[in-house]
Amino acid sequence: MTEHMTAGKPFVRLPMYDWPELKGATAQLENALGTAVAEALGMPGVQTGATGVTGDLMALWTDPDMLLAQTCGYPLVSALKDAVTVIGTPHYDAPGCEGPLYCSHVLVRADSPFQTPAELRGTRAAFNSTDSQSGHNAFRHVISPLAGGKPFFSEAIETGGHLRSMAAVAGDDADVCCIDAVCWGLLQDTDPELASRLRPLAQSRKVPGLPFVTTRTADAARLQAIQAAVKAVLTSAETQESRKRLGICGFSFCSFEDYRPLSDMRSEALSLGYPVLR
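Keep in mind it's a predicted model, so treat the numbers as computed, not measured.

Considering the overall build of the protein
Secondary structure summary: the protein contains ten helices and 14 strands in total. Relative to the globule expectation of 19 Å for 278 residues, the C-alpha radius of gyration of the protein, 19 Å, shows essentially globular dimensions. Dimensions along the principal axes, computed over C-alpha positions, put the protein at roughly 55 × 40 × 35 Å. Every one of the 278 residues in the protein was classed for burial, and the buried ones make up 55%. With 23 positive and 30 negative side-chain charges, the protein shows a spacing of 4 Å between the two charge centroids.

Below is the structure:
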């Protein structure tokens, strides 16, 4: 994915669920967050939206001008642990979500014969990327106790996105994928026909969902101001319509330490001799 902001200008960006069908709601919420955070910090000219210089998501998350962004939990505990500070975690109204926690759903075709993860041995797995919590880390954690330290799937296909993984399974280009609960809920709203061709087979362990972050250089006063502004926006009547479209129903203050269970999932899979989805 290639999206970045104009250099030298503080920005707010929510890229993780910005599907084509949701761009309007995402833009509205970004604008509300940008206005609220700018006012809280006495800062003019906050930029929102994917405009300006292009780059990858890691570049966006580590940009010194990043004022507020949403990232995936797995990059947070691996590549971003020394680059960002956690602001908190939105609550989502989707099956498998509970407050700031969410799970990942192992999905198969609706007409497939599989009933348990153990029956997936020798099938084709689709995943979005190796730095994904749901697509790889949670999926690996579900399969690792079954794999015995050996390859479990006949093929592991990297698709580049959760939507592509679900389409691959629905289209019989793969047999199984693992998708976060928010994506699964959004798919049922935005593309019920595609969703009808899939069904959940199993759930992963629940962990904190996709966090909002700011730069590592934010001091305590700045962090508290951003947190208060974000919580106000994500619980206000003014953003109710856009939040409903995106499935957001609340917000909790969280810290990096709250995301340790994601690292634990990785460590548990490694201890079972299953370092990568295979």
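Back to the text.
What to know about the sheet that holds strand S12 (residues 207-208)
The sheet built from three strands is open, its strands ordered S5-S6-S12 with antiparallel pairing. Looking at strand neighbours, the two that pair on one side only are strand S5 (97-98) and S12, the edges of this open sheet. In terms of strand pairing, S5 meets strand S6 (residues 101-102) through two bridges, oriented antiparallel. Note that in S6 the partner of Cys97 across the bridge is Tyr102.

Let's talk about the sheet that holds strand S10 (residues 176-180)
In a beta sheet, neighbouring strands are held together by backbone hydrogen bonds and run either parallel or antiparallel to one another. Taken together, the five strands give an open sheet; going across it, the order is S9-S8-S10-S7-S11, and neighbouring strands pair in mixed fashion. Across the chains shown, the open sheet's two edge strands, defined by having one partner strand only, are strand S9 (155-158) and strand S11 (198-203). Sheet twist, expressed as the mean angle between neighbouring strand axes with direction ignored, is 30°. Two strands pair when backbone bridges link them, and strand S7 (residues 104-109) and S11 are joined in this way by five bridges, in the antiparallel orientation. Counted as the bridge partner of Val108 is Arg199 from S11.

Looking at the environment of Thr235
For Thr235, the position within the fold is in the loop between helix H8 (220-233) and helix H9 (240-246). Measuring from C-alpha to C-alpha, the distance between Thr235 and Asp172 comes to 41 Å, with 63 residues separating the pair along the chain. A polar atom in the side chain of Thr235 sits 2.6 Å from the backbone oxygen of Lys231.

Observations regarding the pattern of salt bridges
Taken as a whole and assessed by the stated rule, the structure comprises eleven salt bridges. The closest approach of N and O atoms between Arg109 and Asp172, which form a salt bridge, is 3.1 Å. Pair noted here: Arg109 is in strand S7 and Asp172 is in the loop between helix H5 (162-170) and S10, with a separation of 63 residues, a long-range link. By relative accessible area, which is 14% here, Arg109 ends up buried. A salt bridge links Arg124 to Asp172; its shortest N-O distance comes to 3.0 Å. With a gap of 48 residues between them, Arg124 in strand S8 (residues 124-127) and Asp172 in the loop between H5 and S10 connect regions that are remote in the sequence.

Structural notes on the pairing of strand S13 (residues 212-215)
With two bridges connecting them, strand S3 (residues 66-70) and S13 associate as antiparallel partners. By the bridge assignment for S13, Ala69 is matched with Val213. By the bridge criterion, four bridges tie strand S4 (residues 84-92) to S13 in an arrangement that is antiparallel. What sits directly across from Val86, in S13, is Val213.

Rules and cut-offs
Residues numbered from 1 in each chain as written. Predicted model: local features only at pLDDT ≥ 70, side-chain atom pairs only at ≥ 80, totals over all residues. Heavy atoms only, no water. Helix = DSSP H or I, 4+ residues; strand = E, 2+ residues; numbered from the N terminus. Rg over C-alpha atoms; globule rule 2.2 N^0.38 Å. Buried < 20%, exposed > 50% of the residue type's maximum accessible area, 1.4 Å probe, protein only. Lys, Arg positive; Asp, Glu negative; His and termini not counted. Charge placed at Lys NZ, Arg CZ, Asp CG, Glu CD. Pairing = 2+ DSSP bridges. Axes fitted to C-alpha atoms, helices over the stretch in contact; angles between N-to-C directions. Polar contact = N/O pair within 3.5 Å; in protein donor to acceptor, adjacent residues only side chain to side chain. Salt bridge = Lys/Arg side-chain N within 4 Å of Asp/Glu carboxyl O.

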